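This is what each chain is made of:
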Amino acid sequence: MTVRLGSRIGNMDIITPLILLFGAGYSNASELRMWLDEEPLAAQYPALPEETAPLCTPDQIAEPTQLPDLPQLYARWDPARSWGTAYTVEGIIAAAEQVRLDRPQAEPFIIGDLSWEHGGFLPGHRDHREGLDADISLYFGDGEQAAFQDVPPSKLDVRTTWTLIEALLDTGRVDYILLDPALIQTLERWLTSEGVLTAEEITAVFPPANTPRIWELDSIVRPAARHRNHLHVHFRCRRY
Ligand SMILES: [Zn+2]
């Protein structure tokens, strides 16, 4: 894996094991892509069954489910920290399958932390305690994974990043996604100039930070500092 970003490294503790773990993986990924190209692909992956979100269980995971090893779709940086609710895990897989269909040339994305098998405090995070949160590394250049390095707005692969965000929101299971405000602005500019979304649709997906009662909205992307190197995806649970 060659990371060509000129930006500073956000977290050496995370990057070093990532490079060790996945450095050898990409030759396999390109072989797999060739295989995928020969397969007839369905236009759209079948929609996820509509399911109610699991009950919220503070500091525990309802029905702990490990994100499976699916290297053609994504790479997990630590399987021990890859546990979520079944609802979360199915949502991630469905989104990854959609990205694979829509952007077959893009590298499989790298998933950082979800939660421990039984939930609870995960070092380095405030969230990630209930199997509802997942960190996904950003895309830069043309479908390349930044391996949790900061991505400056000018280097963001907006097309693939939008494909990933849209696939996550389309699962109908996402509460919110957190992303750096400057990266959100870059996405909004691209969505406007390409005519992908109308101004109203952009506001619905990316409500401004000062939107009243923003925490009551779901299926949205919210601006958050310290999110230049990943998307933080928060899946739903229900209170009762
Ligand atoms: Zn996170």
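Since this is a predicted model, take the numbers as computed values, not measurements. (Residues numbered from 1 in each chain as written. Predicted model: local features only at pLDDT ≥ 70, side-chain atom pairs only at ≥ 80, totals over all residues. Heavy atoms only, no water.)

Asks: Is there a simple way to explain the packing of aromatic side chains in this structure?
Replies: All told, the structure shown has two aromatic pairs when counted by the stated rule. Ring geometry for Tyr-74 against Phe-109: centres 6.2 Å apart, planes inclined by 25°, an arrangement best described as stacked. Note that Tyr-74 is positioned in strand β2 (residues 74–76) and Phe-109 in strand β4 (residues 109–111), a separation of 35 residues in sequence. Taken individually, Tyr-74 and Phe-109 each receive the classification buried, so the pair is uniform in this respect. Judged by centre distance (6.2 Å) and plane angle (40°), the ring pair of Trp-162 and Phe-206 falls under tilted. On the criterion of sequence distance, the pair formed by Trp-162 in helix α4 (residues 158–170) and Phe-206 in the loop between α6 (199–205) and β9 (220–223) is long-range, its members being 44 residues apart. (Phe/Tyr/Trp six-rings, centres within 6.5 Å; stacked < 30°, edge-to-face > 60°. Helix = DSSP H or I, 4+ residues; strand = E, 2+ residues; numbered from the N terminus. Buried < 20%, exposed > 50% of the residue type's maximum accessible area, 1.4 Å probe, protein only.)

Asks: Help me understand the coordination of the zinc ion, please; the structure alone is not making it clear to me.
Replies: Perfect tetrahedral coordination of a metal by four donors corresponds to 109.5 degrees between them, and perfect octahedral coordination by six donors corresponds to 90 or 180 degrees. Taken together, the protein ligands of the zinc ion are His-128 (NE2), Asp-135 (OD) and His-232 (ND1), with distances of 2.0 to 2.3 Å. Mapping the donors of the zinc ion onto the primary sequence yields the spacing H-x6-D-x96-H. Highlighted residues: His-128 in the loop between β4 and β5 (133–137) and His-232 in strand β10 (residues 230–235), separated in sequence by 104 residues. Given the relative accessible area of 5%, His-232 is considered buried. (Donors = N, O, S within 2.8 Å, 3.2 Å for Na, K, Ca; no water.)

Asks: Any chance you could explain the state of the cysteines here in plain terms?
Replies: Cysteine pairs can be covalently joined through their sulfur atoms, and such a bond is termed a disulfide. Across all of its chains, the model carries one disulfide by this definition. Paired through a disulfide, Cys-56 and Cys-237 show a sulfur-sulfur distance of 2.0 Å. The chirality of the disulfide connecting Cys-56 with Cys-237 is right-handed, given an S-S dihedral of about 90°. On the criterion of sequence distance, the pair formed by Cys-56 in the loop between α2 (25–38) and β1 (65–66) and Cys-237 in the segment after β10 is long-range, its members being 181 residues apart. For Cys-56, a relative accessible area of 18% corresponds to the buried category. (Disulfide = S-S within 2.5 Å.)

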